[in-house]
Amino acid sequence: MANGQNKKLVSVQNLNFKYNNDYILNDINLDIFKGKNVAILGRNGGGKSTLVKVMLGFLRKNSGSIEFFTSENKIGYLPQIREFDTSFPINIFDLVISGLTKKSNLFKKFSAEDRKRTNDLLIEFEIKKLKDKLISEVSGGQLQRALIARALISSPEILFLDEPESFLDKKFEFELYEKIKQLSDSTIVVISHELDKLCCYVDSIFIVEEEIRIFEDKNEFFKSEFAHRHIHNHKI
């Protein structure tokens, strides 16, 4: 993962998002810097996934500003697997390599280097033998590995991961963040209920429950009242 370079990657100011006139996100302000990995915590329905979707433009904000200081093709995103349409007729290889496409060029012709990069990631994630399988023909854990590889393939400068541990077997779940560290120099922003597994890989913790509470230093979080609500049997 990235080393600290004090480069701001994204800035959010006075962000508001409503659904049916109810605030889901209320006056959100945050900055994310290169090399400062972030864990986003909060109760179910508190707005964690919504925040990331609004930041990435999948949902339209009601007010406020969102500014990225990196190019579109240097932003990686892993959505929750349950939001992915597994009936779509695409095989594992094409799913992973599709992470290299841009909104402005959805029909990009892939190079030999692109295909090699794809095959290398399939090997790393132990799904090379599944490359010709349709996504409807593989298990949830195998699909999740492919989706993580897809998020990594563009070597993103910032990588958003929404519950990346879902459906992974326990062995790979514990290896996940070390593998991302080995394969990528990305700054990660991860939504997770498994802080014990990612704690040593993050620097800051954001609590999102309609409003936001930011702990730039994760150790300050562990000393706070929030730690008792969000962590069980966790030792610093």
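Structure shown above.
Along each chain, residues carry numbers from 1 onward, in the same order as the chain's sequence is written. Only residues with pLDDT of at least 70 get local features here, since the model is predicted, and only at 80 or more are side-chain atom pairs given and counted; chain-wide, interface and lining totals rely on the full set of residues. Only hydrogens and water are set aside when side-chain values are computed; all heavy atoms of the structure are taken into account.

*Asks:* Break down the packing of aromatic side chains for me, with residues and values.
*Replies:* Two rings from Phe, Tyr or Trp (for Trp, the six-membered ring) form a pair when their centres sit within 6.5 Å of each other. Planes less than 30 degrees apart are called stacked, planes more than 60 degrees apart edge-to-face, and all others tilted. Under the defined criterion, the tally for this structure stands at six aromatic pairs. Between the aromatic rings of F68 and F160, the centroid separation amounts to 6.3 Å while the plane-to-plane angle is 75°, which identifies the pairing as edge-to-face. Separated by 92 residues along the polypeptide, F68 in strand β4 (residues 63–68) and F160 in strand β6 (residues 158–162) bring together distant segments of the chain. Using a 1.4 Å probe on the protein chains alone, a residue whose accessible area is under 20% of its type maximum counts as buried, one over 50% counts as exposed, and one in between counts as partly exposed. A residue is classified by how much of its surface remains accessible, and F68, at 22% relative accessible area, is partly exposed. Secondary structure counts use DSSP, requiring at least four H or I residues in a row for a helix and at least two E residues in a row for a strand, with both numbered from the N terminus.

*Asks:* Explain the pattern of salt bridges residue by residue, including any values.
*Replies:* The term salt bridge refers to a pairing of a side-chain nitrogen on Lys or Arg with a carboxyl oxygen on Asp or Glu at a separation within 4 Å. One pass over the full model with this rule turns up 14 salt bridges. A salt bridge links K8 to D31; the shortest N-O distance between them is 3.7 Å. Linking K8 in strand β1 (residues 8–19) with D31 in strand β2 (residues 22–33), this pair joins segments that are 23 residues apart in sequence. You can call K8 partly exposed: its relative accessible area is 30%. With a relative accessible area of 27%, D31 lands in the partly exposed category. Measuring nitrogen to oxygen at the nearest pair gives 3.6 Å for the salt bridge that ties E209 to R43. Taken as a pair, E209 in strand β8 (residues 204–209) and R43 in the loop between β3 (38–41) and α1 (48–55) lie far apart in primary sequence, 166 residues in all. Judged by relative accessible area, E209 falls into the buried class, the value being 16%. Where salt bridges share partners, they join K170, E173, E194 and K197 into one cluster.

*Asks:* Before we move on, could you go through empty space enclosed by the protein and cite the residues and values that matter?
*Replies:* Lining residues are defined by having an atom within 4 Å of a point belonging to a cavity or pocket. Those points lie on a 1 Å grid over the protein atoms alone, cavities being sets where a 1.4 Å probe fits but cannot get out and pockets being open sets with protein on both sides within 12 Å along at least five of seven lines. Grid points are joined across faces, edges and corners, and a volume is the space filled by probe spheres set on the points. According to the stated counting rule, one finds one cavity of 30 Å³ or more in the structure shown. Roughly 40 Å³ of volume is contained in the largest cavity. Going through the elements one at a time, β2 and β8 are the ones with two or more residues in the lining of the largest cavity. Top contributing element to the lining of the largest cavity by residue count: β2, with three residues. Only Asp, Glu, Lys and Arg are considered charged in this grouping, and only Ala, Val, Leu, Ile, Met, Phe, Trp, Tyr, Cys and Pro are considered nonpolar; every other residue, Gly among them, is considered polar. For the lining of the largest cavity, the per-class residue count stands at four nonpolar, one polar and three charged.

*Asks:* Would you mind going over the sheet that holds β3 in detail, with residue names and values included?
*Replies:* Through backbone hydrogen bonds, the strands of a sheet pair up, either in parallel or in antiparallel fashion. Two strands are said to pair when DSSP picks up at least two bridges between them. Spatially, β5-β6-β7-β3-β8-β9 is the arrangement adopted by the six strands of the open sheet, whose pairing is mixed. The outermost strands of the open sheet, each flanked by one partner alone, are β5 (75–78) and β9 (211–215). Strand-to-strand twist in this sheet, taken as the mean axis angle between neighbours without regard to direction, amounts to 15°. As judged from the four bridges shared by β3 and β8, these two strands associate in the parallel manner. Among the inter-strand pairings, V38 is bridged to a residue of β8, identified as S204. Helix axes use the C-alpha atoms of the stretch in contact, all axes being lines fitted to C-alpha atoms, and the angles between their N-to-C directions lie in the range 0 to 180 degrees.

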